[in-house]
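Here is what each chain is made of, one letter per residue.
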Amino acid sequence: MNSMHILISGHTGFKGSWLILMLKQLGYEVSGIALPALTGSLFEVAELHNQLQNDITLDITEHQQLAQVVKRINPDVAIHLAAQALVLDSYAHPYETFNTNVMGTYNFIDACNQAQVQKLLVITTDKVYDNRVNLGIPFKETDPLGPGDPYSSSKAAADIAAQTFQKMPDFYTAMAIARGGNVIGGGDIAQNRLMVDLMRAYREMEQVKIRNPQSVRPWQHVLDCLAGYLTIIDHLSEQNFEAFNVAPQLADLVSVQEVVEYTESKIGFRITEHRVQGSECSDDSFGDGAAGSGAGSNQKLKTECWRRTAGKRSEPLHEAKTLSLDPSKMRNVLGWTGKLDWRHAVDLTVDWNKQVIEGADPLTVTQAQIKEYLL
Ligand SMILES: NC(=O)c1ccc[n+]([C@@H]2O[C@H](COP(=O)([O-])OP(=O)(O)OC[C@H]3O[C@@H](n4cnc5c(N)ncnc54)[C@H](O)[C@@H]3O)[C@@H](O)[C@H]2O)c1
């Protein structure tokens, strides 16, 4: 992919910010289209607009405008990250979530095709799979997609929209879909993600309450996730690929409690309160990235969400105790496996926060972690 121009949608978000810096270290030109960066985000504090060829603020639901902008940027490759990515917000704003995640994805794919972008990677999530029957068996790419909370359903619909484009006669862009989940790393500020809550508590010397310590999730560092994305793009030729699970090895499927205890051992003190099981809504329903329940999280909305669900179905939201992806297709078809096991992923996340708390520049810390990873 040398000397290529890569367009990222959602470049102001958590993954997008790391992706900008990773692509810059690899020598690419990078442009982005997204909503404005959130206050305190990595994009903002590291002044990542300075890294970009084009830094465009645009809502991807604007079909015509998006097509014009993508044509003007004229990238070789595009990576579609932009999404309303929070489960809890999807209950509060289902229309906006479906509009951004489904129509926004349709618009972005259509715009890339019109602009004759050579390769496009569409990012969905592990939550697209139908996990109503929770057998605890890792999902393969061939498993059926299914409905869930508004976020998960909208991403499943986006995934299906992308697959539909691949079957259209006038679709020329080589495209693949990447599904993953529970990505961790420094600089994430999203609400209701476990590591974000833990790192906020660490920074602000507060305590976090963990609701479902036994929930088992795959834990993946953002660098591994992004390296997986770039591997798929590298292998994309004229022909479309189907979907890939970009997931850690099954050995990295560990419980929230193990992650919490390991994190506490790394930072050197306890940041969690007594652990409560099964109250309010389930962890699984609050974030793409297993949720904690603590400082800064939206307790009112969670309680409301529980009441609504309980009122309708007389039971809490469904929770998959073990939600996992089978990573073997990436290994068998593309020869790719991640470099970082779950402890290493936590180490990097804690180190990033430790250095920034001690006054280091977030841009320098992020660039150093990327450099080390790429060695
Ligand atoms: N972080 C995770 O653990 C995780 C797990 C699985 C899948 N994902 C997926 O990866 C992608 C990136 O996730 P993230 O954690 O970086 O999310 P994020 O919330 O940090 O960033 C979302 C980005 O999308 C942009 N965006 C949102 N609505 C938009 C709109 N209407 N128009 C233009 N831009 C819009 C935002 O401005 C931001 O740049 C998303 O598609 C998400 O569903 C994330």
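Above this text is the structure in question.
All values reported here derive from a predicted model rather than from experimental measurement.

Engineer: Help me understand the overall build of the chain, please; the structure alone is not making it clear to me.
Structural biologist: Per the secondary structure count, the chain includes 13 helices and 13 strands. Within the span of the chain, comprising 375 residues, buried residues form 51% of the whole. Intrachain contacts of the chain at a sequence separation of at least 6 include 81% that bridge at least 24 residues.

Engineer: Help me out: how do you make sense of helix H1 (residues 14-25) in this one?
Structural biologist: What sets the pattern is the α-helix's 3.6 residues per turn: residues three or four places apart point alike. Relative to the 16 Å expected for 12 residues at 1.5 Å per residue, H1 spans 17 Å between its end C-alpha atoms, a close match to the ideal helical length. Considered for burial, the residues of H1 that qualify are Phe14, Lys15, Gly16, Ser17, Trp18, Leu19, Ile20, Leu21, Met22 and Leu23. Positive backbone phi, at 95°, marks Gly27, one or two positions downstream of H1.

Engineer: Would you explain the packing of helix H5 (residues 94-114) against helix H6 (residues 150-166) in this entry?
Structural biologist: Packed helices, taken two at a time, are described by their axes: the angle between them and the distance between them. Where H5 meets H6, the axes come as close as 9 Å, and the angle between the chain directions of the two elements is 15°. Compared by their axis directions, H5 and H6 come out roughly parallel. Judged by the twist between their axes, the crossing of H5 over H6 is right-handed. Here Pro94, Thr97, Phe98, Asn101, Val102, Thr105, Tyr106 and Ile109 of H5 come into contact with H6, specifically with Pro150, Tyr151, Ser154, Lys155, Ala157, Ala158, Ala161, Ala162 and Phe165. Of the residues that constitute the contact of H5 with H6, the class distribution is 12 nonpolar, four polar and one charged.

Engineer: I would appreciate a short explanation of the sheet that holds strand S1 (residues 5-9) in the present structure.
Structural biologist: Think of a sheet as strands paired side by side through backbone hydrogen bonds, with each pair either parallel or antiparallel. Pairing in this open sheet of seven strands is parallel, and the strands run S3-S2-S1-S4-S5-S6-S11 from one edge to the other. The open sheet has two edge strands, strand S3 (54-57) and strand S11 (243-245), and neither has a second partner. If you compare each strand with its neighbour and ignore which way they point, the axes differ by 15° on average. Each of strand S5 (119-123) and strand S6 (174-179) touches H6; the most contacted strand, S6, lies at about 160° to it.

Engineer: What exactly am I supposed to notice about unusual backbone geometry here?
Structural biologist: When glycine is set aside, most residues are seen to have a negative phi, and most peptide bonds are trans. Even without glycine at this site, Asn74 takes up a positive phi of about 55°. On the secondary structure map, Asn74 appears in the loop between helix H3 (63-73) and strand S4 (77-80). The exposure class assigned to Asn74 is partly exposed, which follows from the 13 C-beta atoms found within 10 Å. One non-glycine residue, Gln116, lies in the positive phi region at around 55°.

Engineer: I keep staring at the pairing of S6 and nothing clicks. Help me out?
Structural biologist: In terms of residue burial, S6 counts as a mostly covered element, since six of its six residues are buried. Residue alternation in S6 divides its side chains into two sets, Ala174, Ala176 and Ala178 and Met175, Ile177 and Arg179, and both sets are buried. One ladder, built from five bridges, connects S5 with S6; its direction is parallel. The partner of Ile123 across the bridge, within S6, is Ala178. In this sheet, S11 lies alongside S6 in parallel orientation, the contact comprising three bridges. Bridged to Arg179 within S11 is Asn245.

Engineer: Explanation requested: the environment of Leu236 in the structure shown.
Structural biologist: Secondary-structure assignment places Leu236 in the loop between helix H8 (222-235) and S11. For Leu236 and Met175, which are 61 residues apart along the polypeptide, the C-alpha to C-alpha distance reads 7.3 Å. Apart from residues lying up to four places away in sequence, Leu236 is in contact with Lys119, Ala174, Ala176 and Phe241.

Engineer: Before we go on, may I ask you to explain the pairing of S4 in this structure?
Structural biologist: Moving residue by residue along a regular strand, the side chains alternate between the two faces of the sheet. Judged by which residues are buried, S4 turns out to be covered on both faces: Val77 and Ile79 on one side and Ala78 and His80 on the other are all buried. Here S1 pairs with S4 via four bridges, running parallel. Along S4, the bridge assignment pairs Ser9 with His80. Of the pairings in the sheet, the one linking S4 to S5 comprises four bridges and is parallel in character. Considered in S5, the bridge of Ile79 is made with Leu121.

Conventions used here
Residues numbered from 1 in each chain as written. Predicted model: local features only at pLDDT ≥ 70, side-chain atom pairs only at ≥ 80, totals over all residues. Helix = DSSP H or I, 4+ residues; strand = E, 2+ residues; numbered from the N terminus. Buried ≥ 20, exposed ≤ 12 C-beta atoms within 10 Å, placed from the backbone. Contact = placed C-beta atoms within 7 Å. Expected span 1.5 Å × (residues − 1). Axes fitted to C-alpha atoms, helices over the stretch in contact; angles between N-to-C directions. Parallel < 35°, antiparallel > 145°, perpendicular 65-115°, else oblique. Left-handed = near helix turned anticlockwise from the far one by under 90°. Nonpolar A, V, L, I, M, F, W, Y, C, P; charged D, E, K, R; others polar. Pairing = 2+ DSSP bridges.

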